[in-house]
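Next come the chains, spelled out residue by residue.
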Amino acid sequence: MWLPSRFTLKFAVSALRRGVLPSHHVLRRGGCNTAAFMPEAAGFEGVSGRAALQEFSVSNSEDFWAAVARQRLSWIRPFHTVQDCDLSRGRIQWFQGGMLNVSVNCLDRQVHICPERVALIWERDERGSEVRYTYRELLEMTCRVGNLLKRYGVKRGDCVTIYMPTCPLAVASMLACARIGAAHNVVFAGFSAEALAERIRDAQSSIVITMNQGVRGGKVTELKKTVDTAVQSCPTVRHVFVAMRTEMLVPMRDRDVLMDEEMLKEEVVCEPAAMNSEDVLFLLYTSGSTGKPKGLVHTQAGYLLYAALTHRYVFSYHDGDVFGCVADIGWITGHSYIVYGPLANGATTVLFESTPVYPDPGRYWETVERLKINQFYGAPTAIRLLLKYGDQWVNKYDRSSLKTLGSVGEPINTEAWEWYHRVVGEGRCPVVDTWWQTETGGICIAPKPSEPDAEIVPGMAMRPFFGIKPVLMDTEGKVMTSNNTSGALCIAQPWPGMARTIHNNHQRFIETYCQPYPGYFFTGDGAYRSPEGYYQITGRLDDVINVSGHRIGTAEIEDVVNQCSAVAESAVIGYSHDIKGQGIYAFVVLKKNMKIKEEDLYKQLNSVVSEKIAKYACPDFILLVKRLPKTRSGKIMRRVLRKVVESDLDSLGDLSTLDDPSAVQEIIEGHAKISTK
């Protein structure tokens, strides 16, 4: 595995010599002064306070984004048009005429200011063996990879597939692609050979970058072996770059390249390509839980700006903080809040290679203590898992460095939110429950930024970010203007971070996101707007159950079920019911060492659901399981649960993308027993 050299580095300054100078975007702490909070606001006439700033960002969108883009990005050539967008036709273009290089914005300008600042802390699977990389060392590695890619024929506009675990070389590979003008296609390193091959073929990659093996939770995965199988059905692949994570030698073929050795032959200077604002930065494929995976396309300037701005303001990031996002680099969370957002802000960002419970359930909090993490960003499913093990694993470690806690991936239930806030954050750290998607590029709704004394409601995403205008639509496609109401969540105007298209299928992009509610971006989620105007995500609209004419989101039922003292987590789905149209089926995981009679649990759950929601929301079936089927990023695969309940086992699809495929067999057997009864 490529490790930092610790030698004096002849880093790349050619871009700086050509006039790409760092923007002065150091932001001062504290106070309610709007210009101190966001320096660009000094030029926004009449704007005082953060609520007013959000309103200005929506009503004067072009002025807001133009000012922020000029201040926070380093341009090779300035843009002449802020935006040219028409959501009804799926046309989205920002900062036209502008040219820049994303890797320069993430690396060179930080090296110019503070070359010895730590850019990455690689928290390896082996606890206590972290490795730090300065911005100079990361730039050196990036330039070597960039030159190596060019030597093997990668050109501007090509797409490189990266199949690697969360590690510094994966980050350098992403940035190297950006440096030379190639796009990257990062595929989560837990996907099967079949899933990987499908993504390689769609991206038409000639180069795949991988490792001999991956290490996670004390277990070794054979990454090179998976790639060897995948590329057999990928005729475009000419070379596979293989880096070494372990000492295990793997079979090498003629097309294979020993990456660590070949990088040493390359120069540490790599001329950055001048990229148009709307050139492709990366493709990222959705999990493919419904049909063919979608290769969502994100472009250069708008995406980088939005990732940087949300990272700075949602998490109250300040210069010198250590930012700990424990997601995998293969998901959009890893792209935006491990790599691009933090590095564009000159942050120190943590790469977490392990799991929440390896070697014990205190891993997260021991890491917080040792690395002195200031912002911690994780998934509700991990929080619920750790909640099962009790407070002692948290209280064992010093968490005084923490300032902000974040939640991402799905709505967080009230019990998990309160435990996260009270136990992990000691009641002093705000919890930001963030809502966003691969399609949005970055956080769209979150409790922060807000006025310093503004309330935070447990389990609610709450407030739209700058430039985001959420609306709720009724079943007839009309905007719902009142509060205390629920509807389909759409976004009324474009923003720079949003995906531009689906790779090779713009028509599918239009049909999925633009046609359901013409003139609006359809998120596919349902939401509730409270009397105060706060937003709460109620779940995917295809996860809405219609029981005897009553529409209810699965997330709403799950939140109530999870409040039961015996329950660690749950998943709820709808199934076909002869009388009610749809019935409710709940899959429940109990807390560790919890002993309760099934009949007592059923009574308890039905009582609390009836009390908190209504009798019609009570589950018809409750199946106790040891674990739920989840993706490696922690999302519950309700599609799989529906197929089991519908006895459509032939349509379960590729289960290798699940964190634990054996969980499905347990559920199949449990459901069979219920069906027999």
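Residues numbered from 1 in each chain as written. Predicted model: local features only at pLDDT ≥ 70, side-chain atom pairs only at ≥ 80, totals over all residues. Heavy atoms only, no water.

As annotated in an unreviewed UniProt entry, the chain is Acetyl-coenzyme A synthetase from Oryzias javanicus. Regarding the chain, the UniProt comment filed under Sequence similarities (unreviewed entry) reads as follows: "Belongs to the ATP-dependent AMP-binding enzyme family." (UniProt positions renumbered as here; feature names shortened; annotations may be inferred.)

What to know about the pairing of strand β11 (residues 239–243)
For a regular strand, side-chain orientation follows a simple rule: the groups alternate between the two sheet faces. Across the five residues of β11, four count as buried, placing the element largely inside the fold. Two elements, strand β8 (residues 207–211) and β11, share five bridges in a ladder whose sense is parallel. Bridged to I207 within β11 is H239. Judged from the three bridges that link them, β11 and strand β12 (residues 256–258) form a sheet pairing that is parallel. Bridge pairing in β12 places V242 opposite L258. (Buried < 20%, exposed > 50% of the residue type's maximum accessible area, 1.4 Å probe, protein only. Helix = DSSP H or I, 4+ residues; strand = E, 2+ residues; numbered from the N terminus. Pairing = 2+ DSSP bridges.)

Notes on the nonpolar core
Formed by 144 residues in total, the largest nonpolar core has its most connected members in F64, F95, L138, L149, L169, Y340 and L343. Mapped onto the domain boundaries, this core takes at least three residues apiece from domain 1 (34–91) and domain 2 (92–354 + 435–529). Setting aside its immediate chain neighbours within four residues, L149 contacts V154, V160, A176, C177, I180, I207, I209 and F241. Residues W365, V368, A382 and L405 belong to the second largest nonpolar core, which totals 28 residues. (Core = buried A, V, L, I, M, F, W, Y, C linked by side-chain atoms within 4.5 Å. Domains from an automatic or database assignment. Contact = heavy atoms within 4.5 Å.)

Some words on the state of the cysteines
According to the stated counting rule, one finds zero disulfides in the structure shown. For C167, which is in no disulfide, the shortest distance to another cysteine sulfur is to C177 and amounts to 14 Å. With a relative accessible area of 0%, C167 lands in the buried category. Looking at C564, it has no disulfide partner, and the nearest cysteine sulfur is the one in C618, 13 Å off. Of the residues examined, C564 reaches a relative accessible area of 4% and is grouped as buried. (Disulfide = S-S within 2.5 Å.)

Here's the deal with helix α7 (residues 168–180)
Over its 13 residues, α7 extends 18 Å from the first C-alpha to the last, a length consistent with the 18 Å expected when each residue adds 1.5 Å. Looking at the residues trailing α7, positive phi occurs at G181, about 90 degrees. (Expected span 1.5 Å × (residues − 1).)

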